[in-house]
Structures are given as C-alpha cells and as structure tokens.
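# Structure assessment
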There are 4 protein chains.
Amino acid sequence: MVVVMEEGATSAQVERVVAHLEQMGFAVHRSLGAKRMVLGVVGECPRADPDIVQLFDGVQEVVQVSEPYKLASRAFRPQGTIVTLDDVRIGGDEVIVMAGPCSAESEEQVHASAAAVRRAGAKVLRGGAFKPRSSPYSFQGLGEEGLRMLRDAAGAQNMKLVSEVMDTSQIDTLARYADILQVGARNMQNFSLLRELGKIRKPVLLKRGIAATIEEWLLSAEYLLGGGNMDVILCERGIRTFETYTRNTLDICAIPIVKKLSHLPIFVDPSHGTGRRDKVAPMARAAVAAGADGLIIEVHVDPDRALSDGAQSLFPSQFDRLMAELRTIAPAIGRSICVEPVARRGWGRE
Amino acid sequence: MVVVMEEGATSAQVERVVAHLEQMGFAVHRSLGAKRMVLGVVGECPRADPDIVQLFDGVQEVVQVSEPYKLASRAFRPQGTIVTLDDVRIGGDEVIVMAGPCSAESEEQVHASAAAVRRAGAKVLRGGAFKPRSSPYSFQGLGEEGLRMLRDAAGAQNMKLVSEVMDTSQIDTLARYADILQVGARNMQNFSLLRELGKIRKPVLLKRGIAATIEEWLLSAEYLLGGGNMDVILCERGIRTFETYTRNTLDICAIPIVKKLSHLPIFVDPSHGTGRRDKVAPMARAAVAAGADGLIIEVHVDPDRALSDGAQSLFPSQFDRLMAELRTIAPAIGRSICVEPVARRGWGRE
Amino acid sequence: MVVVMEEGATSAQVERVVAHLEQMGFAVHRSLGAKRMVLGVVGECPRADPDIVQLFDGVQEVVQVSEPYKLASRAFRPQGTIVTLDDVRIGGDEVIVMAGPCSAESEEQVHASAAAVRRAGAKVLRGGAFKPRSSPYSFQGLGEEGLRMLRDAAGAQNMKLVSEVMDTSQIDTLARYADILQVGARNMQNFSLLRELGKIRKPVLLKRGIAATIEEWLLSAEYLLGGGNMDVILCERGIRTFETYTRNTLDICAIPIVKKLSHLPIFVDPSHGTGRRDKVAPMARAAVAAGADGLIIEVHVDPDRALSDGAQSLFPSQFDRLMAELRTIAPAIGRSICVEPVARRGWGRE
Amino acid sequence: MVVVMEEGATSAQVERVVAHLEQMGFAVHRSLGAKRMVLGVVGECPRADPDIVQLFDGVQEVVQVSEPYKLASRAFRPQGTIVTLDDVRIGGDEVIVMAGPCSAESEEQVHASAAAVRRAGAKVLRGGAFKPRSSPYSFQGLGEEGLRMLRDAAGAQNMKLVSEVMDTSQIDTLARYADILQVGARNMQNFSLLRELGKIRKPVLLKRGIAATIEEWLLSAEYLLGGGNMDVILCERGIRTFETYTRNTLDICAIPIVKKLSHLPIFVDPSHGTGRRDKVAPMARAAVAAGADGLIIEVHVDPDRALSDGAQSLFPSQFDRLMAELRTIAPAIGRSICVEPVARRGWGRE
C-alpha cells in the first residue's frame, strides 16, 4: 500500500497514520518529496481496510499496489492452466466449443441437438436442467430428469457435459451427471456456493457477473482455487451498460485482459452476451480472433419453439456455417479448432 | 403484447406471426394502420417468449404492455403495505431508522453501538454475522455467536433486529435470532434463496442488486410474495456506474419510482450506497426528502478499528446530528421520525 | 506521481524508468520496500503522459497523486466562490432557484411563465432560444427572437436570465441578452466553446456531461477559470446508467463530492435529470437536503402543449407547492430559500 | 405510435388522449382488447412529444413504432453506401485501414509514420492537428502547420488523409488539407458542427460518443445526411462502462447492429477504444472478424516519446504483424484487406 499525504499535512497527521498502520501490523517507510510525504506500507494484513486510512486527516490518497487475488494471478502459474477431460484440453492450442440447447426440454430435443453440434465440431454439450429466471412465472427447467437426458445424449455422442448449478444443495446431483459445473452470472458472488465448489474435484465454468469488474471476477475464482479446485474456466457473457439494443454488451476486450492477468482459460458466451440470434456468429468470430480459449453457444433444433432463450439460439445450419468460419480465423493467432468435421473421424454415430 | 409489423411486411409474414401466437395460446387482434399492421395480443402465456416473436420476418417491434410482476405491483394493493413488528410500523407515516455496526465483532462493541443508536432514535438494530466479502481473505463474520450478541443487544434496548442471510442453509439460524432477514445485493437474484424465504413468516429486507433494473428488483420481490410472504421491504443501496469517486451511485430517484410502481415500503442504505463516511449524512437527508420509508445506516462506536466497512460507518455523534436534521426534513413531506429522543421515553436502559 | 515496480523488477528496468522520467524533467526519489521498489516522482510536466510509464517493463502501477485541476480545486479558494449578480448571491446561504420554460415559444408563454415562477420565489428566469436536439426533426428554438422575449420577461419581473449557448458563434448574441450563459451537457467537452467563454466576463453555468466523471467536469471548469472567468456555476443533471425507467440517473451524491473537491457553487437540474414531471419535486427536495446551492427547474404554464420537454415541466401550482416544501427543508442544513413569496415584497408586477 | 391504456382506464380518459393526439395532427385507430384499449396512432408530426402522452391519466405506455432516423436507415439504401475517394472504396469488399500518429508533432515524425503504415497496407493516413484534451494543461496540437505536414506526408505516400475538426470555425482549414473530416466522440452531439458539415462535400468520419446509444449516433448522422452530405462513415471507439481496466469498453457488437440498421460503413478505433497498446491488436482482429468495414489505428515511430496518446500507439513492427493477421481473418467473412504489401506494388517511395 502507498499512502500519499496532502501537501499541507502536518507531521502530527503523518504520525497518526503511521501509528495506525503499525498497529495493524504493517511496516511503514517514510519518503519525503518536494511537496508532500509518501508512505510506503509493507506487509500482509488481510483484515486491514485501506478505505479507513483514506479517511484520516491529511491523507490524500491510498493506493493498493498488489492485486488482491493471488492464486488466480498469472504470476502464480505463468505458463497457463490447461483443464483436461480425457482428450478435451481446455486452455491449450485448440479452441474448444461447447454447444447445445439452453434447457433440456425432451429426450428427442436433447439428442437431436447434441448430434447436430457434435457433427459440426463441438466437443462439450451444454444444457440446463435448473434454470435461474428473473421472473417466477418463467419456465424453471426439468431438474434431475433433464440432467439425465443430457448425460445420455453426451454419452451417445462421446461428448463432455457442462450444466449449471444454482445452489449448494444441487452440487451433489450436478456432480453425478455433469463433467463441468457452471456457475451463472447471477451467482458469481454467491460465496457460499463458491466455497462448496472449491471442495469438489470437477472443473467449474465461472461466468462473469453482469456488473462485475474483472478484479471481482478473479476474486470469485480465488474462492474456488483457495478451496483446492484448480480447474477453473472463466467465461465472459456480457456486462450491463446503457446501450439497450442488445441485452448486454459483450466485453470482448476482457479476453486479452484476463489472458494477461490470470493463468485461467477464458471462454465467451455470445448467446447470452447478445441475446439475439443474428448477433451470435459475429461475436463468436470476434471472440476467437481476440484470443478466447473457447466458446459456449446455444443451438436448438427448433429455436422458435424453445421453452427458454429461443431468440438467441442458433439453428444447426447456422452453427455449421459459424464453425467453418472459425476454422479460417483460428490459425491467424496460432490456434486450431476441431479441424475436421467430427463425423468423418468416426466419433458421432448418426 | 403489441406486435408492430414492418412497413413492407407481406400478409404471409403477418399470418406466420399470428399462427405462432395463436399456437402459444394467445388471441390476436389485427389493426391495420395507414402504413403498417399492428397486432394486439391478448392472453396469459407465461412461458411465451416475446423475444422469439421479435425474430420473425417482417416484425419490427414487440412491446410488452403489462409489467411482468403482479403481486409486487401497486395495482395489487393500492393503499400500500405496512410491515408491522409490534409497535414498529414500516411503511407508515413514521420514517423508521435501522442502525448499528456492519458486523458483530464483540459483546461490548455490539451493546455500545446498540445503545448509541437507540438513544438517537433508531428502532431497529442492524448488524451482520455472516458477511459476503468479495475477497476470500477478508473478515467473514462471527456466525451464530455474532447473532446471539446482536439479539441480546437488541433485547436490552427494546429494539428489533435485522441481519443478513446468505444461503438457504442459514435461514433457520437467522430466523431464530432476527426479526427481519436481509437479502444482500449480491443475492438479489439467488432464486433458490428467494424461494425458501417466500415460505417463512418473517419480514424480508430485499436489497437491490448493483446492476439490477427496478423491474428485475420487483420481479425478485415477486418470488417472495408468490411464496406467500407478503412482508417485503425493498432497499436501494446504490448501483454501479462509470463514476468511481464513490463505490456506487445511490439512485435516490428509485424512491419515487418504486413508490409509484409498487405497494412495498422502500428503504435506503446510504452507507453501502456511498462507501464514504462523509457522504452518508447528505444522502440520508436526500433519501428522506425524496420520500423514503426508512434508512439503514452503519454506526460504529470506534469505526477506525471496525473489522469491516469502517470507512463508511458513522461515529455516534455524527448519527445524533443526522437524526436531528432528519427531524426537520421529514415534516416537509408529511412524515415524522421518532420525534423525541428515545431515552426520555424510558425505553433505553443506560 | 508514484511509480510502483513489480516484485521481480530488475534494476535495469528500474533505471530505464528513472531515465525516462528524468528526461521528461521530473526528479525521482527511489524508495525500496521489502519486496519492491517504489519511485516518488516530483515536478510539474504537464505534457508528460503517465500512461506511457505504465507500459515500461517492470512497472506494476502508476499513481497520480495530485488532482489534474488546480483553479477549480477547493484548495485554491477554501472559503468557496459566491457568484454575485446584484442582489442574487449564488453559492451563499440562500438556495437560489432558477425556473422557467424549456424553450421560449411565444411572448405570452414566456411572460406568464416568468410571472408564475417569480411569484413562487424563483430569482432567475431560465429559458432556451437555441435548442440542442438529438433529432434534426425536433423543434430547434426561436433563436434571437426568443432571447428578446426572455430578456423582456426577466426585466418585467426583476429577474436575472440564464440561457444556453451552443456554439462560439452564438456567444456575442447570448451575452447581449442573458446574465448567465449555460453550457449544456452535450457541450461539456466542447473545448473551443469553453476557451471562448473563459474570455468573457459573464457567469457560466456548466452542466455535467451524461458520461462525465466529476474529475472531467472540474477539468472543463478549469478551461473557463484558466481563461480568467472565475464565475463558474456547476450543474448536475443526471448521468447515463443501465436503468431506463428515467431518462438519466440524477447523481445526488455529486453534490457533497463537488462541495468537498471544489469551491464552485453546485446546482441541480431535476427536470432533465429525470425527464418525468412526477419525479421532479422529490429530486428537487433531495438536492436541497443534500446541500445543493440551487436548482434549475422547468415550469410551463401549459406543459402539455410545450414544443419541447413538456413531459418534464411542472405546472405552476406544482412549482408553488415544491417551493413551500423546500422552505421547510433548507433550514435543516442552515440554508434559506427566498423566505417570503416575492409578490408580497413588491417585486412582481401582476 | 402505439398508446396502451391502463386496464381500468375510463372512456373519458381514452377520449382525452385521442383528442390530444388528433389536435397534434395524428389519425387514431382504437383497438379494444380483452382487458384494455390500444390506440394505433398514424401520421407524421415531428414536433409531437410522445413523452407528454405518457403523462395523461390512464395511459400505461407509449411505444414509438418507427426509428426516428430516416436517411440513415438501411431501408433508405438497402444495398449499402460506398464512400469513394479515387481508388479507395470505403464500405466495399476490402477492409480499409487508416493509420498514423495521434498528433502531428514534427515533419520527420509524420513522414516516417506515414511511410511505415503505408508499407504495411494502410491506405489512409490519420493524424491530428487540433486536439481535444480533457485537461487545458495537455498538448493541444500544432494547428494548421500540423495539417500541412500531414498533407505532405499523405501525398508523398499516395495516401488519403483523415483529420479531426473540432469547431465550425476550423471546417474551411480542414477541408483544404484533409480528404476525410473526423468528428470526435466529444462532438458527436455538437449539432452546430454537424449542421455545417452537412453542407460540405467531403466525407465525414463520425465517431460514436462514449455515452451515445446507437440510435442517438444514427440521429447525429442524420444531421449530416439531411444537409446533403451522403458520405458518412461511422466509427465505434468505445463506450463508458463501470469497468475501469481499460479506458473504455469497445462495443464490438455495434458492428453487426449498425450493419443491420443502417447503410453507412462502420469503422472501429481499437486505439482509443482500449487506451492500451497491448490490447489494440486483439481488438482490431475482433473488429474485422465481426464485420467492420475498416479500422483506424494509432501508429507512432517512437510511441514512448509521443506528445499524446503514446500509450495506445503501436510500434510499426506491431502494426506489420497485425496487418498480416488481418489478412488471414478477412476471408473468413468474404472480405479482403490490401492483399499485398504496398511497397511491392510500387506505391511507396522509400
């Protein structure tokens, strides 16, 4: 911490600040400039509150000089984290695509969607069984029955499965069916949930809250990492701004920022990030071009009849075209993306 | 819902939209203007997604014509809700002040704070035992032991107690000690928690999320009301904007807006809403002048040593002065505020 | 400036930064902490760009330790500025109210509006003749003819006149008719206009841009003050946020913030700040309670027929009631507000 | 316009609204649904203010059903606008890159920068001579002398020149030297300036204001188009949000949105849009992947000594690498980008 005193600060004021800091357990170095005193404050006192120092008479500014997160920092693991699920390596050279319906609705909808996205090159099936909805009157998901459908479809397509957990009470159920547990944007600061997920040994996809700074997002990741779960995947999905044409403003620049600050893989969700089907492909291309490690995209075999988020779900044919475009873009930055249609490699079964 | 077709929309396009809407269960009235068709869509189909209609060819705009919340709407209870806890009537003519330390830290800190705020006119003691913190390295609260201290102090001062619940697993504990359960800003869309709190019969103070629109906030209240818990108190505590001088931008205008849209009492938290001690009193005065039903304010007998949020806690003497100012302001809009210092009425014991 | 080096920064990296700073003309003090080097950078080099220092290898953070504005800073004039126009003292104990129609539309509309607001206690007439409008198809104002009407009405009511200047080419005309020249929110960073207004000797009311930080706002005031025009009045009128219920979010907390940072009087415009008539009075009360030096309010004798901004204009009877409420609130913070209806003191003529 | 009445609206209330609308010159169609009346309002009354209708008793909501801009709308010119400057076609299949220093500083800096960006494939030279700066103490540009340097350098490299105009008084000077006149973000709603620029016959590059919605941006374009200047190029350069890691949040999604709503070419400025050199290339790639018609990028031969914006300027070698990456990405969406290094085609001279 650096404490900058005001120009006219008295030495009594300086000494009161120093005394307070030393009492908290810090060491303080005084540095007198031409016009003002600057205090270098050294030590680790997690409970100290810099906002209080700010309020002492004579203090002009208090500056934090280290990031408040440690395990999530790139300094902790400079080479970058790769989350490995059998042959799916998240955070490596290959851009990984997770795709599927917003919610599981029926056996056949789930299977048809999984087959379609698998054929186009997706390696992870996405799909919700417990749905957080702003309104209590909206469809809330099929629950465990939906999870079972998703697991079956993922198995049939040789895909991994990611699905959202909303509450500590759902963790066990989710962990039985899914390979990756997703924490939604609204739960990014549900610290009880994060603490419990830090104890399990399944990867967690942590979405950014719509009003969360990148620093707060990495602090939430720190809750998971601190619990011992090092397989954390970050996912940008749009922040709330004054622009209302789209539901959110997808912060593409978060990709290179996170890449610099942290060793964790960073994904982008262009479906929730825009809320409009015709904006999904441009933003998916932008995300890969900016260096994203992967995408999570909603695809529905009949989006106009989807029970949730149909307006942002791609038709399978749109998803096919998008995957082809991404295969052209990825090499521009030294990445690949499931180079050959999967079916030809004999993974799919349809 | 009103669906406005584009100027050049073909009748085939119109009919496809009508067919879709009728299949969802709506009745549709066609209204042909000079240049375009407007469809009036009537009926209740909670699962219908207007965003999908937006994507049909030929559709220019889809307009929702009713608020998505019902029980929280002022139309549901035009006279306004009064939450009654013995002689404390929240939402009536009297402006109710809740005050106390951010967190319970020790027996004596809690008792001294309670006595100080009671003397100045506060009728409800506030204080946290389970603390949501952005960083896992910050003080996380004393847990149930803190609740016990708060309950004792409230009892000794003949005050009611409000305290925060972070998780469904804490509801029982909180309900044993507190009179009002607070849902923090970060949990405003923790729908699992809201659903459980809808089942209990204790008032809930629901803080607005830092990125929540007023509509989303009222929809979250709807989760509580829909579960049968009609004693909901809303609390504005600042929204996130580009301005960084204060931690948040306290949206004072939310007070008259909520008063118009809903029957629920509306409080303001100027402590979290500004994050800076010297801004608390001006914003508390502004809130009462704008028509708030109450305030929740952090007061600490020794703020500079507080384990959390000390920078925004008032000294007891500052709180006294503020209460005196509020007593001048409240009558301007036909409100009162604990007119006589409580001690003289024999409630306090010190 | 304080430059904080990274933990592992080499001494070669430190010396490159020092060399760069010294070449810019700064003196540099090295201060070695337990883990990292902190550089205290002293001197005045207005052309130096701290963002560049940020990019040197080994630099963790660069902190500006003085506000970038000087003449607008409270330190420059601790006692506060009072802008005096005959017997109207802006920034003193009395809260000054400026009121009138959004635009001058006709002789009788202007005179009737002026008489109405004068009777209720307003001392300055507001009214636009040149209107900035988002759409080229909206009413753009009556121009100089409108100014003449406003000047006549102000004279007849013994009021001062404030009106908006949009462009350097309009300054002479405005200065001939108005006592105070208003710079609108969209022009807050029109530096050509600010530079010219710094040269005249009429007070300027400088509105905050809808996306301007308080620091940027004070820097814009610095353009005026630096030109020698010390009669600057700041005016908060709402910032743009994600909340769309009102046109803008009126940042009431800007009042105490500006009061602390600057010596300039601070006004609030609750009409543009909310855009809705029924929200004007609550926000006007809030502004006075928070310590505003004055208000600028739209009042129209027939708002439903106004050519611009009718939706946010008060009826004269609403304005009367508001003024009465403000007279109760102002004393709570040691302020007054035109205590007796003006007519009784013989100022008005009808 | 569609006016939705409240559920319990009386017929007297309905008739008052109808009378008001008819008096404004509209035709009104009544449409009675199951629960409420919906009024279809037809006609063109640019001075009518829908916000006033909103305030009538019994009105629930007023919906505008046409965009307020006309000439900027894609419907006006469905095939898209191509701005042609000799062999430079802006808005066609080729992605056009404008590059150069933030400000002209010296003869040699300008020439060296122009040569460097030309070699890499830029076809338009960018550079400022009049600089809008938040602080009056920052470097304000070389004025006409800077323009002359830029013109010379552009000529020597066979490039077009774009430079910023800040004020109506500068238009003539700018038009003498530059091929494209740039309107900066802070002037996007300087309507006096826009009106004058509508009268000239040089292309205008109109940057988006940092708090401007896309609709407001297109309305500002409408001022230019309405004056008869059809050669308007839009440029996204970042909006202001709560995230402070970068100076602005570059709204990449504005690209496909503008493409759908308007026929005007859309550029992106990743330099001002991020403010940090290491984020420029990822965002430039993202912009092209999302469908931008061009880029405007700051490149400086010695960024660390630049008098303005050095922190966001690329080194020439970084720009070379970026252009190579863009050549891989553009074909993914059927675009090209100055396929061969220009020097080989004999355009450059060094």
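Residues numbered from 1 in each chain as written. Chains lettered and ligands numbered in written order. Predicted model: local features only at pLDDT ≥ 70, side-chain atom pairs only at ≥ 80, totals over all residues. Heavy atoms only, no water.

## Quick word on the relation of the copies chain A and chain B
What counts here: Only residues with pLDDT of at least 70 in both copies contribute their C-alpha atoms to the least-squares superposition of the copies.
For the match of chain A to chain B, the screw axis carries a shift of 0.0 Å, the RMSD comes to 0.0 Å, and the turn is 180°. What the superposition gives is, in effect, a two-fold axis relating one chain to the other. Across chain A, the rotation axis passes nearest the C-alpha of Ala211(A), at a separation of 2.8 Å.

## What about the pattern of salt bridges?
Test applied: Each reported salt bridge corresponds to a side-chain nitrogen of Lys or Arg within 4 Å of a carboxyl oxygen of Asp or Glu. Numbering of helices and strands runs from the N terminus; a helix is a DSSP stretch of H or I covering at least four residues, while a strand is a stretch of E covering at least two. Note on exposure labels: buried denotes an accessible area under 20% of the residue type's maximum, exposed denotes more than 50%, and partly exposed covers the range between, all computed with a 1.4 Å probe on protein chains only.
If you walk through the whole model with that rule in mind, you get 76 salt bridges over all chains. Among the ionic pairs, Asp251(A) bridges to Arg208(A), the shortest N-O distance being 3.0 Å. Remark: Arg208(A) occurs in the loop between β11 (204-207) and α7 (214-226) and Asp251(A) occurs in the loop between β12 (232-236) and α8 (254-261); sequence separation between them is 43 residues. For the pair shown, Asp251(A) and Arg208(A) are each scored as buried. Lys123(C) is paired through a salt bridge with Glu94(C); the nearest N and O atoms lie 2.9 Å apart. Linking Lys123(C) in the loop between α3 (107-120) and β8 (124-126) with Glu94(C) in the loop between β6 (88-90) and β7 (96-100), this pair joins segments that are 29 residues apart in sequence. Residues participating in the shared-partner salt-bridge network are Glu107(A), Glu145(A), Arg148(A) and Asp152(A).

## A look at the side chain of His20(A)
Put simply, the test is: The contact definition used throughout considers only heavy atoms, calling two residues in contact when any of these lie within 4.5 Å.
Turning to its location among the elements, His20(A) is positioned in helix α1 (residues 11-24). Apart from residues lying up to four places away in sequence, His20(A) is in contact with Ile52(A), Val53(A), Phe56(A) and Asp304(B).

## What about the sheet that holds strand β4 (residues 59-63) of chain D?
Residue and element names in this part refer to chain D. The condition that has to hold: Note: two strands are recorded as paired if DSSP finds a minimum of 2 bridges between them. Inter-axis angles, ranging from 0 to 180 degrees, are taken between N-to-C directions of lines fitted to C-alpha atoms, where helices are fitted over the stretch in contact.
Within the open sheet, the four strands sit side by side as β2-β3-β1-β4. Their pairing is antiparallel. The strands lining the two open edges of the sheet, one partner per strand, are β2 (27-32) and β4. With direction set aside, neighbouring strand axes in the sheet form an average angle of 20°. Bridge count for strand β1 (residues 2-5) against β4 is four bridges, and the pairing is antiparallel. Directly across from Val 2, in β4, lies its bridge partner Val 63.

## Side note on the interface of chain D and chain C
The accessible area lost on association of the parts is a frequent measure of interface size. Under the convention used in this document: Here the buried area means the combined drop in accessible surface, using a 1.4 Å probe, for two parts upon being joined, counting both sides. Pairs of N or O atoms within 3.5 Å make up the polar contacts considered here, provided that, within protein, one atom can donate a hydrogen while the other can accept it, and that residues adjacent in sequence are counted only when both atoms are side-chain atoms. Under the convention adopted here, Pro, Cys and the residues Ala, Val, Leu, Ile, Met, Phe, Trp and Tyr are nonpolar, Asp, Glu, Lys and Arg are charged, and Gly plus all remaining residues are polar.
Counting residues at the interface gives 52 residues for chain D and 52 residues for chain C. Between chain D and chain C, roughly 4,300 Å² of surface is buried when both sides are summed, and carbon and sulfur atoms account for 51% of that area. Here Arg240(D) makes a salt bridge to Glu216(C), at a shortest N to O gap of 2.6 Å. For the interface between chain D and chain C, the tally reads six residue pairs in polar contact (both at pLDDT 80 or more). Residue assignment for the side of chain D that touches chain C shows that the elements contributing at least two residues are α1 (11-24), α2 (50-54), α6 (191-197) and α7 (214-226) of chain D. The greatest single-element share of the side of chain D that touches chain C, amounting to four residues, is contributed by α7(D). Looking at the side of chain D that touches chain C, its residues break down into 21 nonpolar, 14 polar and 17 charged.

## Quick notes on the interface of chain A and chain B
Contact with chain A, which involves 52 residues of that partner, is made by 52 residues of chain B. On inspection of chain A and its partner chain B, the count reaches two salt bridges. Here chain A is connected to chain B by six residue pairs in polar contact (both at pLDDT 80 or more). Counting residues per element, the ones that place at least two in the side of chain A that touches chain B are α1, α2 (50-54), α6 (191-197) and α7 of chain A.

## Some thoughts on the packing of aromatic side chains
Residues and elements named next belong to chain B. Operational definition: A pair of Phe, Tyr and Trp rings is counted when the ring centres sit within 6.5 Å of each other, with Trp represented by its six-membered ring. The angle between the planes then sorts it: under 30 degrees is stacked, over 60 is edge-to-face, the rest tilted.
Per the counting criterion, the structure on display carries four aromatic pairs over all chains. Here the aromatic rings of Phe 191 and Tyr 223 are separated by 4.8 Å at their centres, their planes lie at 20°, and the arrangement is stacked. On the criterion of sequence distance, the pair formed by Phe 191 in helix α6 (residues 191-197) and Tyr 223 in helix α7 (residues 214-226) is long-range, its members being 32 residues apart. Across the pair, Tyr 223 and Phe 191 agree in class, each one buried.

## Points about the packing of helix α10 (residues 277-289) of chain B against helix α8 (residues 254-261) of chain C
The cut-off we apply is this: To sort the angles, those under 35 degrees are grouped as roughly parallel, those over 145 as roughly antiparallel, those from 65 to 115 as roughly perpendicular, and the leftovers as oblique. Left-handed describes a crossing whose near helix is turned anticlockwise from the far helix through less than a right angle; right-handed describes the clockwise counterpart.
Between α10(B) and α8(C), the shortest axis-to-axis distance is 9 Å and the interhelical angle comes to 135°. Taken as axis vectors, α10(B) and α8(C) run oblique relative to one another. The way α10(B) lies across α8(C) gives a crossing that is right-handed. Within the contact between the two elements, α10(B) uses Asp278(B), Lys279(B) and Pro282(B) and α8(C) uses Pro256(C), Ile257(C) and Lys260(C). Looking at the contact of α10(B) with α8(C), its residues break down into three nonpolar, no polar and three charged.

## Let's talk about the side chain of Asp167(B)
In plain terms, the rule: Positive charges come from Lys and Arg alone, negative charges from Asp and Glu alone, with His and the N- and C-terminal ends not counted.
Mapped onto the fold, Asp167(B) is located in the loop between β9 (160-164) and α5 (171-177). Buried charge without a salt bridge: Asp167(B), with Arg195(A) as the nearest opposite-charge side chain at an N-O distance of 8.4 Å. There is a polar contact of 2.7 Å between the side chain of Asp167(B) and the side chain of Ser169(B). Residues within four places of Asp167(B) in sequence aside, it is in contact with Asp167(A), Thr168(A), Ser192(A) and Leu193(B).

## Comments concerning the relation of the copies chain D and chain C
Structural alignment of chain D on chain C gives an RMSD of 0.0 Å, achieved by rotating through 180° and translating 0.0 Å along the axis. Comparing contact sets, 100% of the residues at the interface of chain D also lie at the interface in chain C, consistent with an isologous, same-surface contact.

## Concerning the sheet that holds strand β10 (residues 180-183) of chain D
Residue and element names in this part refer to chain D. One closed barrel holds the eight strands; their spatial order is β7-β8-β9-β10-β11-β12-β13-β14, and the pairing between them is parallel. Recorded for the sheet is a direction-independent mean angle of 25° between the axes of neighbouring strands. Looking at chain direction, strand β8 (residues 124-126) and strand β9 (residues 160-164) are connected through three bridges and run parallel. When the bridges of β9 are listed, Leu 125 appears paired with Leu 161. This element, α7, spans β11 (204-207), β12 (232-236) and β13 (266-268) of the sheet and lies at about 160° to β12. Sitting on the sheet, helix α10 (residues 277-289) touches β13 and β14 (294-298), and the angle it makes with β14 is about 170°.

## A word on empty space enclosed by the protein
Any space left empty among the atoms is revealed by the rolling of a water-sized probe across them. Using the following cut-off: Two kinds of site are reported from a 1 Å grid over the protein atoms alone, namely cavities, where a 1.4 Å probe fits but cannot get out, and pockets, open sets with protein on both sides within 12 Å along at least five of seven lines, and residues are called lining when an atom falls within 4 Å of a point. Grid points are joined across faces, edges and corners, and a volume is the space filled by probe spheres set on the points.
Tallying each qualifying case throughout the model produces eight cavities of 30 Å³ or more. Here the largest cavity is characterised by a volume of approximately 100 Å³. Lining the largest cavity, in full, are Arg240(A), Thr241(A), Phe242(A), Arg240(B), Thr241(B), Phe242(B), Arg240(C), Thr241(C), Phe242(C), Arg240(D), Thr241(D) and Phe242(D). Of the residues assigned to the lining of the largest cavity, the class counts are four nonpolar, four polar and four charged. The space that makes up the second largest cavity amounts to roughly 70 Å³. Around the second largest cavity, the lining residues are Val2(A), His29(A), Ser31(A), Val38(A), Leu39(A), Gly40(A), Val2(C), His29(C), Ser31(C), Val38(C), Leu39(C) and Gly40(C). Looking at the lining of the second largest cavity, the elements that each hand over two or more residues are β2 (27-32) and β3 (37-42) of chain A together with β2 (27-32) and β3 (37-42) of chain C. Residue classes in the lining of the second largest cavity are distributed as six nonpolar, six polar and no charged.

## Observations regarding the confidence of the model for chain A
Residue and element names in this part refer to chain A. Basically, it comes down to this: Per-residue confidence from the predictor is reported as pLDDT, a score between 0 and 100.
Mean pLDDT over chain A works out to 88, with 93% of the residues at or above the 70 mark. For residues 342-350, every residue scores under 50 in pLDDT, and the model assigns this stretch 20 contacts once sequence neighbours within four places are set aside. Taken together, the chains of this predicted complex give a pTM of 0.87 and an interface ipTM of 0.87.

## Brief notes about the pairing of β3(A)
All names here are of chain A. Within β3, five of the six residues are buried, which leaves the element mostly enclosed by the surrounding structure. Looking at chain direction, β2 and β3 are connected through six bridges and run antiparallel. Looking at the pairing, Arg 30 lines up with Leu 39 of β3.

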